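A closer look at the structure
So you can see what is in the structure, the chains are spelled out below.
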Amino acid sequence: ERVENSRNFANKVWNASRFIMMNMEQALEKTGKDITTPAAADLQPVDKWILSKLNTLVKDVTDNMDHFELGIAVQKVYDFIWDEFCDWYIEITKVRTYNKENDPASANAAFWTLKTVLTEALKLLHPFMPFITEEIFCTLHPEEDTIMLAKWPEYKAEWNFAAEEEMVEHCK
């Protein structure tokens, strides 16, 4: 059962990554513009929510890893990727990414957030699933040589959006 659950999780990570990369590629082909860091005003509450959840995850997983609580750390990453990122955030942003012509700033913010959260989540997951995270990371960031040399995620005070976190959690 654990092997089957792990396989399903690896499949979920792979498919979410493919979805994000495929849609970013299509957006680039249509607009000819790269994804850029959005202005703070362009981030919607749901973007701030997932960044804040990621920020908390980074702090917690780093603390767990420092205390050699590997099982707890990987469970937190698993729960975040499966429940928060894939089941909620990706689904919520589909409308914004599919209608990129109507609101390009919102689509850019969604794509930037998708790529940023995926990248940081892959780094957190890498010690536990090195092969799949390496493949996805190098495809997502062809300018990088390997995920192993990428900087470990760090807590960022500017990504602490408690109000947005509470609002979205209340709506779920």
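Below is a short write-up of the structure. These figures come from a predicted structure and were not determined experimentally. (Residues numbered from 1 in each chain as written. Predicted model: local features only at pLDDT ≥ 70, side-chain atom pairs only at ≥ 80, totals over all residues. Heavy atoms only, no water.)

Following the criterion strictly, the structure yields six aromatic pairs and no others. On the numbers, 5.8 Å between centres and 20° between planes, the contact of tyrosine 78 with tryptophan 82 is stacked. On the criterion of helical spacing, the pair formed by tyrosine 78 and tryptophan 82 is a turn pair, its members being four residues apart in helix 3 (residues 70-98). Overall, tyrosine 78 belongs to the partly exposed group, its relative accessible area being 27%. Ring centres 6.4 Å apart and planes at 85° place the aromatic pair tryptophan 112 and tryptophan 159 in the edge-to-face group. Of this pair, tryptophan 112 sits in helix 4 (residues 104-125) while tryptophan 159 sits in the loop between helix 5 (130-140) and helix 6 (162-171); the two residues are 47 residues apart in sequence, bridging distant segments of the chain. Note on tryptophan 112: relative accessible area 16%, which makes it buried. Over the ring of phenylalanine 19 we find lysine 94; its NZ or CZ atom is 5.2 Å from the centre of that ring. Just above the ring of tryptophan 159 sits the side chain of lysine 156; from NZ or CZ to the centre is 4.1 Å. (Phe/Tyr/Trp six-rings, centres within 6.5 Å; stacked < 30°, edge-to-face > 60°. Helix = DSSP H or I, 4+ residues; strand = E, 2+ residues; numbered from the N terminus. Buried < 20%, exposed > 50% of the residue type's maximum accessible area, 1.4 Å probe, protein only. Lys NZ or Arg CZ within 6 Å of the ring centre and 35° of its normal.)

Bending of helix 3 peaks at approximately 40° at the position of phenylalanine 85. Residues of helix 3 that are buried in the fold lie against helix 1 (2-31), helix 2 (45-66), helix 4 and helix 6. (Bend = angle between axes of the 7 residues up to and from the residue. Contact = heavy atoms within 4.5 Å.)

On to helix 5, then. Burial in helix 5 covers these residues: Ile132, Thr133, Glu134, Ile136, Phe137 and Leu140. The inward-facing, buried residues of helix 5 contact helix 1 and helix 4.

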